[in-house]
Amino acid sequence: MDIKRVAIDAVNETIVMTVVHMDYKGQVAKRINEKMPLATVKGFRKGQVPKDLVEKQYGKAIKQEEVKKVVDLALERFVQSERLNLLGTPLAKENENFDWDAEELTFEYEIGLVPNFEIDLEAKNNIVKYIVTADDKLIDGQVERIQKQFGKAIPQETVSADSDLTGTFSNEEKGINNTTTIALSTFNKAAADKFIGKKVGDVVAVSTKGLFEDDHQLMDYLKVGHDDVHGLDIEVNFTIEAINGAELAELNQELFDKLFGEGKVASLEDLKAKIKEDAEAQFAQQADQKLLLDVQDFLIENTKFDLPAEFLKKWLQTVGEKKLSAEEAEVEYARSEKGLRFQLIEGKAMAQSNIQITFEDLKAFTTNAIRQQMAQFGQTNPTDEEVQGIVARVLSNQEEVKRLSEQVVAEKLLEVFKEKANPTTKEVTYEEFIAASYGE
């Protein structure tokens, strides 16, 4: 057998394989001999069919099967021996005039290669690392929300500016159908004004674009996925099912203990300090996520390399349970190209910075995530045994391991980016951060 690579350009090649009779004749002969006792041909008893008739009836199919096995194994070994870093998998080139009776059988496979490139994490950039503070307006608003949440609900006939609404958001096309309770003040002013004076049973149509101060709130109130929230611009209906005002709860020790545990908060000043601490910890996570996305965009824009685009479009037509048309593959490639580029950049960044993910890294990350989740549900002091039991169950799920591993990689890369990309630090309020994030 002869097998070789034919370069087309830096990211596209063809593997050409020439198979001769010696490469498969022994296995074909063995299969024919195995077939003879089982062969059935009209006019002969089973097991008594002459060999030449068996070969005539079954030989071509057996030959094709055995040649395919030889070719598949040789292709796999060749890719490994040549240390080819492929995008997708080899695609057989179609040959309408292929002759299975030829002395030499030639097979050609298209391959797409991972491009060779370098990244400069320290390149000059305009990236900003935001330090987000909780200002008095935000803290006072949260205090009022706590008082309303733990106060006494007072039914109202019509919606007023201080109303809390219970109802259902719906949009049939997007599959949105979520019942929730929301303060009217949570909406932007234009949307909130549409509700004033409405009654139970009324349906109010609002646009999701800019509906809330933070697009992430669409995840909470409409149950929209994270990948869909940014820039979502559709109309949803809100069917009003209950309207309530509130008699605000008294800020006393009983309420503080219910919220934070006995004796941990003892005054309004303590409450505000706790709100500020918790809010800024959450804001720091959002700021880190924005920093990571901004660095991703910068690196994608400033790290130039070619991809085997046409090859990948053809490859996309062949993978998955549903085969794609050329037009569908074009759309899918356009949708996924940016992610593929960053995936390659991410791998290069990890190699350049010698980042490695160990099981201990994954276990520590998962442990911290579990403790945070438990704290959100009021379990502030779980035992190590409880936590490690949950961690063990989570890490026994391969899908969860994959998801968490991606988060650990992102966390480690974020630290590298903070150090090497040298972003400008800027302190802002949460409102200013949201405006910088979404252009509002």
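From a predicted model like this one, the values you see are computed outputs, not experimental measurements.

Caption draft 1: Just the overall build of the protein chain, in detail. A tally of regular secondary structure across the protein chain gives 14 helices and eleven strands. Taken over the C-alpha trace, the protein chain has a radius of gyration of 32 Å; the compact-globule value for 440 residues is 22 Å, which it surpasses by more than 25%. By principal-axis analysis of the C-alpha atoms, the protein chain measures approximately 100 × 55 × 45 Å. The long-range fraction of contacts in the protein chain, counting pairs at least 24 apart against all pairs at least 6 apart in sequence, stands at 70%. Total accessible area on the protein chain stands at roughly 26,800 Å², and carbon and sulfur atoms take up 47% of it. Between the averaged position of the 55 positive side-chain charges in the protein chain and that of its 81 negative side-chain charges there is a distance of 7 Å.

Caption draft 2: How the structure looks around the environment of Q388. Along the polypeptide, Q388 turns up in helix α12 (residues 384–394). In this structure the C-alpha to C-alpha distance between Q388 and K363, which are 25 residues apart in sequence, comes to 9.1 Å. Not counting residues within four places of it along the chain, the set of residues in contact with Q388 comprises K363 and T367.

Caption draft 3: Geometry of the environment of I234. Note on placement: I234 falls in the loop between α6 (226–229) and β10 (235–247). What makes I234 buried here is its relative accessible area of 17%. Considering only alpha carbons, one finds I234 and K209, 25 residues apart in sequence, at a separation of 7.1 Å. Setting aside its immediate chain neighbours within four residues, I234 contacts N171, K174, I176, V206, S207 and T208.

Caption draft 4: Spatial organisation of the side chain of T14. In this structure, T14 sits in strand β2 (residues 12–20). Setting aside residues no more than four positions away along its own chain, T14 makes contact with K4, R5, V6, I8, K93, E108 and Y109.

Caption draft 5: Main features of the sheet that holds strand β4 (residues 104–113). Pairing in this open sheet of four strands is antiparallel, and the strands run β1-β2-β4-β3 from one edge to the other. Looking at which strands have only one partner, the edges of the open sheet turn out to be β1 (2–9) and β3 (86–92). Each neighbouring strand pair of the sheet contributes to a mean axis angle of 20°, computed without reference to strand direction. Bridging between β3 and β4 involves four bridges; their strand directions are antiparallel. Note that in β4 the partner of L86 across the bridge is L113. Its contacts with the sheet put helix α9 (residues 309–316) on β2, β3 and β4, and the angle it makes with β3 is roughly 70°.

Caption draft 6: Layout of the nonpolar core. Formed by 31 residues in total, the largest nonpolar core has its most connected members in L299, L307, L344, I345, L413 and F417. Broken down by secondary-structure element, the contributors of at least two residues to this core are β3, α8 (268–302), α9, α10 (326–352) and α13 (398–420). For this core, the leading source of residues is α10, giving eight residues. Of all hydrophobic cores here, the second largest spans 25 residues; its members include F187, F195, V206 and I234.

Caption draft 7: View of the layout of surface pockets. In this structure, the second largest pocket encloses a volume near 340 Å³. Around the second largest pocket sit 15 residues that line it, and A92, K93, F98, F107 and Y109 are the ones nearest its centre. Secondary-structure elements contributing two or more residues to the lining of the second largest pocket are α2 (51–81) and β4. A total of five residues in the lining of the second largest pocket trace back to one element, the largest contributor, which is α2. Residues belonging to the lining of the second largest pocket are distributed by class as follows: seven nonpolar, three polar and five charged.

Caption draft 8: Region of interest: the packing of helix α1 (residues 25–35) against α2. Packing of α1 against α2 brings their axes to within 9 Å, and their N-to-C directions diverge by 135°. Considered as vectors, α1 and α2 are oriented oblique to each other. The hand of the α1/α2 crossing is right-handed. Along its contact with α1, which presents Q27, V28, R31, I32, N33 and K35, the element α2 presents K51, V54, E55, Y58, G59, I62, K63, E65, E66 and K69. Split by residue class, the contact of α1 with α2 holds five nonpolar, three polar and eight charged.

Parameters and conventions
Residues numbered from 1 in each chain as written. Predicted model: local features only at pLDDT ≥ 70, side-chain atom pairs only at ≥ 80, totals over all residues. Heavy atoms only, no water. Helix = DSSP H or I, 4+ residues; strand = E, 2+ residues; numbered from the N terminus. Rg over C-alpha atoms; globule rule 2.2 N^0.38 Å. Contact = heavy atoms within 4.5 Å. Areas by Shrake-Rupley, 256 points an atom, 1.4 Å probe, with all protein chains shown as cover. Lys, Arg positive; Asp, Glu negative; His and termini not counted. Charge placed at Lys NZ, Arg CZ, Asp CG, Glu CD. Buried < 20%, exposed > 50% of the residue type's maximum accessible area, 1.4 Å probe, protein only. Pairing = 2+ DSSP bridges. Axes fitted to C-alpha atoms, helices over the stretch in contact; angles between N-to-C directions. Core = buried A, V, L, I, M, F, W, Y, C linked by side-chain atoms within 4.5 Å. 1 Å grid on protein atoms, 1.4 Å probe; cavity = no way out; pocket = protein on both sides within 12 Å on 5 of 7 lines; lining within 4 Å. Points joined across faces, edges and corners; volume = space filled by probe spheres on them. Nonpolar A, V, L, I, M, F, W, Y, C, P; charged D, E, K, R; others polar. Parallel < 35°, antiparallel > 145°, perpendicular 65-115°, else oblique. Left-handed = near helix turned anticlockwise from the far one by under 90°.

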